[in-house]
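Fold and geometry: a report
Here is what each chain is made of, one letter per residue.
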Amino acid sequence: MIASLFFMSIIVRLTDGAEGWIAAAQASASAAEETSSDESSGYDREAIKHVLDALREREKNIAAQEQDIEERLAFLHDTEARIDEKVVQLREAEAMLRSRMAQSNTAAEEDLTQLTTVYAKMKPKDAALLFEQMEPKFAAGFLGRMKPDAAASIMAGLSPQAAYTISVVLAGRNANAITQEKK
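Just so you know, these numbers come straight off a predicted model, no measurement behind them.

Side note on the overall build of the chain
When helices and strands are counted, the chain shows 7 helices and 0 strands. In sequence order, the secondary structure elements of the chain are arranged as α-α-α-α-α-α-α. Buried residues in the chain amount to 13% of all 183 residues. Of all intrachain contacts in the chain linking residues separated by at least 6 positions in sequence, the fraction that spans at least 24 positions is 56%. Carbon and sulfur atoms make up 58% of the accessible area of the chain, which totals about 15300 Å².

Details of the nonpolar core
Within the largest apolar cluster, 18 residues are counted, with the highest numbers of intra-cluster contacts made by F131, L143, M146, L158 and I166. Elements with a contribution of two residues or more to this core: helix 4 (124–133), helix 5 (136–145), helix 6 (148–156) and helix 7 (160–172). Excluding residues within four positions of it along the chain, I166 makes contact with P136, A139, A140, L143, M155 and L158.

Digging into the environment of A127
The residue A127 is located in helix 4 in this model. For the pair A127 and M155, spaced 28 residues apart in the sequence, the C-alpha separation amounts to 9.3 Å. Apart from the residues lying within four places of it in its own chain, the contact partners of A127 are Y119, M122 and I154.

With respect to helix 4
It helps to recall that an α-helix has 3.6 residues per turn; residues three or four apart then point in one direction. If you check which residues of helix 4 are buried, you get A127, A128 and F131. Each buried residue of helix 4 lies within a common arc of 105° when the element is viewed along its axis, so the set occupies one face. Opposite its buried face, helix 4 presents the exposed residues K125, L129 and Q133, each directed more than 90 degrees away. Considering only its buried residues, helix 4 is in contact with helix 3 (45–121), helix 5 and helix 6.

Some remarks on the pattern of salt bridges
In a structure, side chains of opposite charge can pair up when their charged atoms sit close to one another. What the rule picks out here adds up to 5 salt bridges. In this structure, D53 engages K49 in a salt bridge whose closest nitrogen and oxygen atoms are separated by 3.6 Å. Here the residue D53 and the residue K49 both occupy positions in helix 3, the gap between them amounting to 4 residues, near one helical turn. Here K49 falls in the partly exposed class, since its relative accessible area comes to 48%. A salt bridge links R72 to D68; the shortest N-O distance between them is 3.3 Å. Of the two residues, R72 and D68 are both situated in helix 3; the distance of 4 residues between them amounts to about one turn of the helix. Overall, D68 belongs to the partly exposed group, its relative accessible area being 33%. Salt bridges sharing partners connect three or more residues here, namely K49, D53 and R56.

Observations concerning the packing of aromatic side chains
According to the stated counting rule, one finds 3 aromatic pairs in the structure shown. The interplanar angle of 75° and the centroid separation of 5.3 Å between the aromatic rings of Y119 and F131 together place this pair among those described as edge-to-face. Of this pair, Y119 sits in helix 3 while F131 sits in helix 4, and the two are 12 residues apart along the sequence. Residue class for Y119 comes out buried when judged on its relative accessible area of 12%. Taken together, Y119, F131, F138 and F142 form an aromatic cluster joined through their ring pairs.

Quick notes on the side chain of T116
Along the polypeptide, T116 turns up in helix 3. Under the relative-accessibility criterion, T116 is labelled buried at 5%. Among the polar contacts made by the side chain of T116, one reaches the main-chain carbonyl oxygen of L112 at a distance of 2.7 Å. If we ignore the near neighbours within four places in the chain, the residues touching T116 are F142, R145 and M146.

So, how was this worked out
Here the residue index of a chain counts from 1 through its sequence in written order. In view of the model being predicted, local features appear only for residues whose pLDDT reaches at least 70, and side-chain atom pairs are presented and counted only at 80 or more, with totals across whole chains, interfaces and linings using the full set of residues. By convention in this description, side-chain values take in all heavy atoms of the structure and omit both hydrogens and water. We count a stretch as a helix when DSSP gives it H or I for four or more residues in a row; a strand needs E for two or more, and each element gets its number in order from the N terminus. Burial classes follow relative accessibility: with a 1.4 Å probe on protein chains only, a residue under 20% of its type's maximum area counts as buried, one over 50% as exposed, and anything between as partly exposed. Contact definition: two residues touch when any of their heavy atoms are within 4.5 Å. Where accessible areas are quoted, they stem from the Shrake-Rupley method and a 1.4 Å probe; at the residue level, only the protein chains shown are allowed to cover. Here, the term nonpolar core denotes a set of buried Ala, Val, Leu, Ile, Met, Phe, Trp, Tyr and Cys residues that are joined through side-chain atoms within 4.5 Å. This arc is built from the directions going out from the helix axis to the C-beta atoms. Basic side-chain nitrogens of Lys or Arg form a salt bridge, by our definition, when they fall within 4 Å of a carboxyl oxygen of Asp or Glu. Put simply, two rings from Phe, Tyr or Trp (the six-membered ring, in Trp's case) pair if the centres are within 6.5 Å, and we call them stacked under 30 degrees between planes, edge-to-face over 60, tilted for the rest. Side-chain atoms alone can form a polar contact between residues adjacent in sequence; in general such a contact is a pair of N or O atoms within 3.5 Å, and within protein one must be able to donate a hydrogen while the other accepts it.

Written out as structure tokens, the structure reads:
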């Protein structure tokens, strides 16, 4: 490039007022500079175009991946909202179930209390006939809920074997209960 400038300088000096030559020399120098800068940078236009195309393609792929991630996040948020809704529904159902179980337990307790009262008000002889037919644990449950005098009257009417079996069940009902030791 420097050599071409020297060459042009010589030509200008040799030719008086050769403006056309100067313009041609400048155009030649500009073209030489562009070629020189492209060659000195080590890249040609084709390689730069290829890199730019690859970058654009990569940008498209990244945009597609970002879109996919956004869609997945939206799906996860929707799923999380549905799960939260189901948890609320399950808690409501659990509360309702507990309420119904409490009602059921209360109703069962009321039924047992009423049946115990019925057996206690029966004639001891008639009640003893029924208790003879009952499973000992079942019979002991009723007798344990009765007032001691009513239970004693019924036990007196039982056969010795049935009275003994029911007594053993009554005595052992709380055998496994935790007791506080005296110091």
